[in-house]
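Coordinate analysis (summary)
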Amino acid sequence: MAIFLYFLFTLPVIASTNACDRCLHQTKALLFSNASALSYGACGYGSSAPSFYNGHLAAAVPNIYKFGSGCGACFQVRCMDAKLCSKVGTQVIVTDLNSNTQTDLVLSSRALMAMANKGMEQKLLKLGAANVEYKRVPCDYKGKNLALRVEESSRKPHYLAIKFLFQGGQTEIVSVDVAQVGLSNWGFLSRKSGAIWETSRVPAGALQFRLAVTSGYDRKAIWAKSVLPADWNVGVVYDSGVQIDDVAEEGCGRCD
């Protein structure tokens with residue numbers, strides 16, 4: 001989707017070249033002037049997004065967004081201006097696609113201000129940009145399980161669209177299967193867009209899900225044995241009973 005940025009090019013742009021998530025990258029982070037657009041961005045999180053990491057949201061370039069599999073990925077971001085910013089930085093979560101080539105990350109105002117030294121928040125916000133370094137880190141939802149939300153476009157019994165919320169660890173969901181609880185006749189879901197998966201072959205009864213998660217060359221199956229009740233409803237968030245807490249290896253070379 002098109003995004004509207006608050007540009008203030010007073011800082012040199014430093015582009016990242018290594019796609020390995022575990023590596024430390026440098027870029028210029030820009031302020032996303034329309035906060036609601038980050039919530040209703042390409043990942044499709046909608047009204048759920050502001051609850052993620054206290055609204056510390058980010059739009060990311062295609063090699064981070066990864067056709068939607070990068071949705072929900074968490075990154076530690078630190079501003080490199082010692083006069084304006086702390087050494088700690090903040091964590092952000094990817095909720096949108098950034099098609100702008102000037103930066104890897106576009107941040108919500110809360111995320112940008114969270115990097116500032118005490119008393120410097122408004123100055124950094126007014127500047128609207130900062131040189132930063134960032135790397136991917138595991139997401140931690142402090143004991144909350146992976147959840148599944150049934151989208152409003154779902155039509156029982158012929159069509160089901162879901163999105164996953166609160167994915168922990170440092171992996172990506174690359175495939176999703178569904179079957180009636182107690183049976184093994186699995187059918188696959190397709191990625192509709194961003195974090196949303198869909199199928200027009202909805203099994204009857206209560207539903208279980210099987211996910212494949214991967215990052216680089218590693219892959220693991222996650223089995224949520226009973227998620228949706230037989231009388232599932234649209235707009236409802238269901239607890240999967242499991243959490244993804246893996247930090248998968250990556251098939252890439254050493255960081256520069």
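The coordinates are above.
In this report, the structure presented in the accompanying data block is examined. (Residues numbered from 1 in each chain as written. Predicted model: local features only at pLDDT ≥ 70, side-chain atom pairs only at ≥ 80, totals over all residues. Heavy atoms only, no water.)

Focus on the state of the cysteines
- Tallied over the full model, the rule gives 3 disulfides.
- Shown here is the disulfide that connects Cys79 with Cys85, its sulfur atoms set 2.3 Å apart. Because the sign of the S-S torsion sets the handedness, a value of about 65 degrees for the bond joining Cys79 and Cys85 places this disulfide among the right-handed ones.
- Exposure remark for Cys79: the relative accessible area of 2% places this residue in the buried category. (Disulfide = S-S within 2.5 Å. Buried < 20%, exposed > 50% of the residue type's maximum accessible area, 1.4 Å probe, protein only.)

Remarks on the pairing of strand E8 (residues 147–150)
- The two faces of E8 match: Ala147 and Arg149 on one face and Leu148 and Val150 on the other face are all buried.
- As paired elements, E8 and strand E15 (residues 237–239) share 3 bridges and run antiparallel to each other. Counted as the bridge partner of Leu148 is Tyr238 from E15.
- Where E8 lies against strand E9 (residues 160–165), 4 bridges are found, and the strand directions are antiparallel. Considered in E9, the bridge of Val150 is made with Ile162. (Helix = DSSP H or I, 4+ residues; strand = E, 2+ residues; numbered from the N terminus. Pairing = 2+ DSSP bridges.)

Digging into the nonpolar core
- Ranked by size, the top nonpolar core spans 25 residues in total, and within it Ile64, Phe75, Val77, Leu105 and Leu107 carry the most contacts.
- Mapped onto this core, the elements with two or more residues apiece are strand E2 (25–32), strand E3 (57–60), strand E4 (74–79), strand E5 (90–97), strand E6 (105–107), helix H3 (109–114), helix H4 (121–127) and strand E7 (129–137).
- Residues Val150, Leu160, Phe209 and Val213 belong to the second largest nonpolar core, which totals 23 residues. (Core = buried A, V, L, I, M, F, W, Y, C linked by side-chain atoms within 4.5 Å.)

Overview of the side chain of Thr214
- Assignment of secondary structure puts Thr214 in strand E13 (residues 207–215).
- Residue Thr214 is classed as buried on the basis of its relative accessible area of 10%.
- Discounting chain neighbours no more than four positions away, the residues touching Thr214 are Thr171, Glu172, Val174 and Arg219. (Contact = heavy atoms within 4.5 Å.)

By themselves these figures say nothing about function.
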